[in-house]
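Single-letter residue listing:
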Amino acid sequence: MNIPFNKPYMTGKELWNIAQAHAKGHLAGDGGFTRLCSEWLVAKTGAQKALLTHSCTAALEMAAILANFQAGDEVIMPSFTFVSTANAFVLRGATPVFVDIRPDTLNIDESKIEAAITPRTKAIVPVHYAGVSCEMDVIMDIARRHSLLVIEDAAQGVMSAYKGRPLGSIGHMAAFSFHETKNIISGEGGALLINDPSFVERAEIIREKGTNRSQFFRGQVDKYTWTDFGSSYLPSELISAFLWAQMEEGEAITRRRLDIWDIYHRFLDQAERREKIRRPIIPAGCSHNAHMYYVLLPNLALRTQFIARLKEAGIGSVFHYVPLHSAPFGLQAARSHGDMFHTNDLSDRLVRLPLWVGLEEQQAEVIQKILEVLG
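Residues numbered from 1 in each chain as written. Predicted model: local features only at pLDDT ≥ 70, side-chain atom pairs only at ≥ 80, totals over all residues. Heavy atoms only, no water.

Below, the discussion takes up the packing of helix H2 (residues 32–45) against helix H8 (residues 237–248). Between H2 and H8, the shortest axis-to-axis distance is 8 Å and the interhelical angle comes to 45°. Compared by their axis directions, H2 and H8 come out oblique. As H2 packs across H8, the resulting crossing turns out to be left-handed. Side by side, H2 and H8 meet where Gly32, Phe33, Thr34, Leu36, Cys37, Trp40 and Leu41 of the first sit next to Glu237, Ser240, Ala241, Leu243, Trp244 and Met247 of the second. Grouping the constituent residues of the contact of H2 with H8 by class yields nine nonpolar, three polar and one charged. (Axes fitted to C-alpha atoms, helices over the stretch in contact; angles between N-to-C directions. Helix = DSSP H or I, 4+ residues; strand = E, 2+ residues; numbered from the N terminus. Parallel < 35°, antiparallel > 145°, perpendicular 65-115°, else oblique. Left-handed = near helix turned anticlockwise from the far one by under 90°. Contact = heavy atoms within 4.5 Å. Nonpolar A, V, L, I, M, F, W, Y, C, P; charged D, E, K, R; others polar.)

In structure tokens:
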């Protein structure tokens, strides 16, 4: 592709930070760069605790363990999400219960959640699609009235907010992603944010293979031992060193992405008015991070044609999730509650356009070709 769909952005400090970690001789997890990254997350979100992980998937798996999911438990989530959202709970023996999404934001439809609750429901997992917040006040109220946990899948939501509250700071727990397709990256990487202090101590243990190793290094115990479930969820210090270079530039990266997003939005306005596409909708009270710019074509055939014609012009564009409720394992391990009309319809029509820091010089070419393809 002359203009790829995604191109990881480098600040120029990543290799220097990795060299510093190498020089200090601390390459395993929880060194100085890991602490800097964790402190940045706490400062940006106000979370009680931020624990770096080797992926967002790992953070979700930790959340499922912390929530004590058992065989037969249920968890409510959208079907229009990445497989890790469901897998984390299926691994604990739980059943994902899918509900439909809203046609405006493509987030879980909060008005359909309560009807899906059963005596086996343990948690709600809202997914903040494209870094645009779900309707968290309603979701938190439902959770409070039914004594449920809320675990935010904020993989795409770093530096987005809902009514002034950073995403990741609203539910009992939250998961971030620093995969190379995200805004702030470390190749692979993630973080578990904990907002309910009752989970903090156990989260440290689960992250350290089920041992109280963190307490040992703080001098709280004279030796560490196996005390609980756990696995190796830490990233190496080399990953954290790379991530810290990105976090230091986090505000600037977000501003540049927002500028690119705004240009798309402005120049595609007329195409929307002519009903060739539908642009993203950002509800009042939501401030997003420009994680992606997508358009909705009228139908699957036109979506397929649109992607193909951009590819012919050397421009990368992609569709997104195949809904989990229609996936082979989703049919086996999960169930849907109610009509999945919008999930089925919108997933067939969505196209993600190139959006990466550095696209600025070629964005006019991309827009010109999009308008030509749309006719």
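Past the structure itself, the notes keep going.
A few words on the packing of aromatic side chains. For the structure shown, the criterion picks out seven aromatic pairs. Residues Phe69 and Phe89 carry aromatic rings whose centres are separated by 5.0 Å and whose planes lie at 70° to one another, so their mutual orientation is edge-to-face. One end of the pair, Phe69, is in the loop between helix H3 (56–66) and strand E2 (74–78); the other, Phe89, is in helix H4 (residues 83–90), and 20 residues separate them in sequence. Just as Phe69 is buried, Phe89 falls in that class too. (Phe/Tyr/Trp six-rings, centres within 6.5 Å; stacked < 30°, edge-to-face > 60°. Buried < 20%, exposed > 50% of the residue type's maximum accessible area, 1.4 Å probe, protein only.)

The next point concerns the sheet that holds strand E5 (residues 149–153). Working definition: the strands of a sheet are paired by backbone hydrogen bonds and lie parallel or antiparallel to each other. Within the open sheet, the eight strands sit side by side as E1-E9-E8-E5-E4-E2-E3-E12. Their pairing is mixed. With partners counted over all chains shown, the strands left at the sheet margins are strand E1 (49–53) and strand E12 (335–336), one partner each. Summarising the sheet, E5 and strand E8 (residues 173–177) pair through three bridges and their orientation is parallel. Looking at E8, one finds that Glu152 is bridged to Ala174. Running at roughly 135° to E1, H2 makes contact with E1, E8 and strand E9 (190–194) of the sheet. Across the face of the sheet, H3 comes into contact with E1, E5, E8 and E9 while running at roughly 165° to E8. (Pairing = 2+ DSSP bridges.)

Glancing now at the sheet that holds strand E6 (residues 161–162). Ordered in space as E7-E6-E10, the three strands form an open sheet in which the pairing is antiparallel. Each edge of the open sheet is held by one strand with a lone partner, namely strand E7 (165–166) and strand E10 (286–287). Summarising the sheet, E6 and E7 pair through two bridges and their orientation is antiparallel. Within E7, the position partnered with Ala161 by the bridge is Pro166.

Moving on to the pairing of strand E4 (residues 121–124). Bridge count for E2 against E4 is three bridges, and the pairing is parallel. Paired with Val75 across the bridge in E4 is Ala123. Across two bridges, E4 lies against E5 in parallel orientation. Within E5, the residue paired with Ala123 across the bridge is Leu149. Since E4 and E5 lie parallel, the crossover through helix H5 (residues 136–146) that links them has a hand, and here it is right-handed. (Right-handed = clockwise from strand over helix to strand, strands pointing away.)

The next point concerns the pattern of salt bridges. What the rule picks out here adds up to 23 salt bridges. Here Lys13 and Glu249 are joined by a salt bridge, their closest N and O atoms 3.7 Å apart. Taken together, the residues span a long stretch of sequence, with Lys13 in the segment before helix H1 (14–24) and Glu249 in the loop between H8 and helix H9 (250–267) at a distance of 236 residues. You can call Lys13 partly exposed: its relative accessible area is 36%. Relative accessible area serves as the criterion here: at 26%, Glu249 is assigned to the partly exposed category. Between Lys209 and Glu208 there is a salt bridge whose closest N-O contact spans 3.6 Å. The class of Lys209 is partly exposed, set by a relative accessible area of 42%. Among the residues examined, Glu208 registers a relative accessible area of 1% and is labelled buried. Through salt bridges with shared partners, one network takes in Glu114, Asp141, Arg144 and Arg145. (Salt bridge = Lys/Arg side-chain N within 4 Å of Asp/Glu carboxyl O.)

To continue, consider the environment of Glu251. Here Glu251 lies in helix H9. Sequence-wise, Glu251 and Glu61 are 190 residues apart; in three dimensions their C-alpha atoms are separated by 29 Å. With residues near it in sequence (within four places) discarded, Glu251 still touches Lys44 and Met159.

This part takes up the nonpolar core. General note: in soluble globular proteins, nonpolar side chains tend to be found buried as a group. Phe89, Ile151 and Leu192 are the most contacted members of the largest nonpolar core, which totals 36 residues. At the level of secondary structure, the elements contributing two or more residues to this core comprise H3, E2, H4, E5, E8, E9 and helix H6 (200–207). If you tally residues by element for this core, the top one is H3, at nine residues. In this structure, Phe89 is in contact with Ala64, Phe69, Val75, Met77, Ala94, Val125 and Ile151, ignoring residues within four places of it in sequence. (Core = buried A, V, L, I, M, F, W, Y, C linked by side-chain atoms within 4.5 Å.)

With that settled, the discussion passes to the pairing of E8. Of all five residues in E8, five are buried, a share of seventy percent or more. Because side chains alternate across E8, one face comprises the buried residues Met173, Ala175 and Ser177, and the other comprises Ala174 and Phe176, equally buried. As defined by bridge partners, E8 adjoins E9 across five bridges and the pair is classed as antiparallel. Bridge pairing links Ala175 to Leu192 in E9.

On to empty space enclosed by the protein. Scanning the entire structure with this criterion turns up four cavities of 30 Å³ or more. Forming the boundary of the largest cavity are 13 residues, of which Lys7, Tyr9, Lys182, Asn183 and Arg257 lie nearest the centre. For the second largest cavity, the calculated volume is near 50 Å³. Surrounding the second largest cavity, Phe5, Asn6, Thr181, Arg257, His291, Met292, Arg352, Leu353 and Leu355 form its lining. Across the lining of the second largest cavity, the residue classes break down as four nonpolar, three polar and two charged. (1 Å grid on protein atoms, 1.4 Å probe; cavity = no way out; pocket = protein on both sides within 12 Å on 5 of 7 lines; lining within 4 Å. Points joined across faces, edges and corners; volume = space filled by probe spheres on them.)

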